[in-house]
Amino acid sequence: MTTASSGPTASTDSAVSANPTVPPLTVPIVAAPMAGGPSTWQLAAAVSNAGGLGFLAGGMRPAAQLAEDVSAAREATDHAPTIGVNLFVPEPANTAIPTSRKTPESEARRRRAAEVAAYRSSLLPEAERLGVELPGDTETGTPLDPDAMDGWEEKLAAVEADGWPVVTFTFGLPAPEVFDRLHASGSVLGVTVTSVDEAVAALDNGADVLCLQGPEAGGHRSVHDPAADPGATGLLDLLTQVRTAVGNEVPVFAAGGIMDARGVQAVLDAGATAAQCGTAFLRAEEAGTSALHRDALDRAATGTGASKTALTRAFSGRWARGLENRFMREHADAPAAYPEINALTKPVRAAATQSGDAESVSLWAGVGAERTRSAPAAVIVEDLTP
């Protein structure tokens with residue numbers, strides 16, 4: 001078992017020199033935040049107690065509940081009191097989207113609304129089959145809002161009030177003022193990036209840490225501009241490119257298809273500070289992964305079910321990787337419109353999960369999903385550690 005630190009100390013002219021640094025880790029393992037249920041406080045605490053860095057997923061979770069999860073996770077840790085929290089960046093706060101595309105009455109917004117309406121129509125047979133109603137019917141007053149904030153201000157206030165030690169952002173890049181605000185409360189701040197340009201922009205805005213996500217990663221790709229297609233450069237090559245661009249002093253968590261100790265060692269050798277693993281923890285005993293999702297992963301691991309993964313916007317309106325199924329194949333024309341598409345498919349996904357219909361629900365997983373194992377999180381951490 002090796003010992004990992006946050007990487008070399010930043011020089012005085014480094015982009016992170018004036019900001020907090022990542023606390024040292026006993027093992028170079030970060031549990032990727034997985035919104036929608038898998039990232040429980042019990043999982044976060046177990047990974048931190050095993051010497052890594054556990055994460056809570058704040059996306060789509062009310063601020064009050066998230067704060068309770070942070071408190072519970074911190075109380076459950078012993079020698080490793082650090083817990084990370086990940087927040088979704090809502091569209092109005094995302095500096096990577098041109099203002100012209102965010103203006104409510106713009107032509108871009110009108111086109112987007114028309115695309116969402118057309119996609120809603122294509123989902124009506126799914127809703128009828130599962131016996132659910134879709135949001136977005138103007139007659140019932142349930143709009144689909146591209147500017148939904150996901151409790152953004154309340155969550156930033158919670159960070160300030162409680163001094164959350166590590167906070168990362170995904171789905172975009174907040175303004176420098178957000179970084180200044182949270183740095184004042186002592187938080188180490190990171191941004192999920194998928195390219196060299198995004199990495200440089202994140203540091204320019206005030207990030208201390210880069211969470212570098214390769215195309216092999218399961219779940220959502222955190223392309224800063226949701227209208228852009230995600231890059232296809234593999235994680236190891238991408239890591240080399242980012243290190244060349246930002247230098248060796250910026251802590252980098254590398255994510256994407258890392259399923260064993262050899263994969264962890266490969267990213268460490270390529271310059272990562274730690275490996276960020278998500279899919280590897282989906283079957284952890286402490287994870288909140290649904291029974292249907294676990295069963296699909298179980299079958300992939302035993303060779304009795306599909307293990308092929310693919311990228312899709314069908315469930316959320318943002319590119320994400322999951323186990324390929326019928327819904328993904330039949331709804332490949334989903335527009336780039338998060339959170340509207342996510343809201344549209346929510347009742348479909350909920351009903352499919354309840355009825356055990358694995359062909360109609362998102363089953364997020366990365367490349368190598370067939371290599372997951374069911375075990376306590378501490379055992380998975382040990383297996384991942386070179």
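Structural notes, computed from the coordinates. Not measured: the values here are computed from a predicted model. (Residues numbered from 1 in each chain as written. Predicted model: local features only at pLDDT ≥ 70, side-chain atom pairs only at ≥ 80, totals over all residues. Heavy atoms only, no water.)

All right, on to the packing of helix α4 (residues 107-130) against helix α12 (residues 340-355) then. One way to put it is that α4 packs onto α12 with a least axis distance of 9 Å and a crossing angle of 15 degrees. Taken together, the axis directions place α4 and α12 in an arrangement best described as roughly parallel. In the crossing of α4 with α12, the sense of the turn from one axis to the other is left-handed. Where α4 approaches α12, its residues Arg 112, Val 116, Tyr 119, Arg 120, Leu 123 and Leu 130 are matched on the opposing element by Glu 340, Ile 341, Leu 344, Thr 345, Val 348, Ala 351, Ala 352 and Ser 355. Among the residues forming the contact of α4 with α12, the class breakdown is 9 nonpolar, 2 polar and 3 charged. (Axes fitted to C-alpha atoms, helices over the stretch in contact; angles between N-to-C directions. Helix = DSSP H or I, 4+ residues; strand = E, 2+ residues; numbered from the N terminus. Parallel < 35°, antiparallel > 145°, perpendicular 65-115°, else oblique. Left-handed = near helix turned anticlockwise from the far one by under 90°. Contact = heavy atoms within 4.5 Å. Nonpolar A, V, L, I, M, F, W, Y, C, P; charged D, E, K, R; others polar.)

Read across the sheet, 3 strands follow the order β7-β11-β10 without closing on themselves; strand pairing throughout is antiparallel. Strands at the two margins of the open sheet, each flanked by one partner only, are β7 (219-220) and β10 (309-312). Examined bridge by bridge, β10 and strand β11 (residues 320-323) share 4 bridges and lie antiparallel to one another. Counterpart to Thr 309 in the pairing with β11 is Leu 323. (Pairing = 2+ DSSP bridges.)

Turning our eyes to something else, we now look at the sheet that holds strand β6 (residues 209-213). Neighbouring strands of a sheet are bound in pairs by backbone hydrogen bonds; such pairs are parallel or else antiparallel. Spatial strand order, β1-β9-β8-β6-β5-β4-β3-β2: 8 strands in an open sheet with parallel pairing. Strands with a single pairing partner mark the edges of an open sheet, and in this sheet they are β1 (29-31) and β2 (54-57). Across the sheet, the mean angle from the axis of one strand to that of its neighbour is 25 degrees, orientation sign disregarded. One ladder, built from 5 bridges, connects strand β3 (residues 83-88) with strand β4 (residues 166-170); its direction is parallel. Bridge assignment links Val 85 to a residue of β4, and that residue is Val 167. Lying over the sheet, helix α1 (residues 41-49) contacts β1, β2 and β3, oriented at roughly 160 degrees with respect to β2.

This part takes up unusual backbone geometry. That bond from Tyr 338 to Pro 339 is cis: its omega, 15 degrees, falls within 30 degrees of zero. Considering the arrangement of structural elements, one finds Pro 339 in the loop between α11 (326-330) and α12. A positive phi is found at Met 60, a non-glycine position, where the angle reads about 65 degrees. Among the structural elements, Met 60 can be located in the loop between β2 and α2 (63-76). Of the residues examined, Met 60 reaches a relative accessible area of 42% and is grouped as partly exposed. If you check the backbone angles, Phe 171 has positive phi at about 75 degrees while not being a glycine. Structurally, the position occupied by Phe 171 is in the loop between β4 and α6 (176-183). Using a relative accessible area of 2% as the deciding quantity, one classes Phe 171 as buried. (Buried < 20%, exposed > 50% of the residue type's maximum accessible area, 1.4 Å probe, protein only.)

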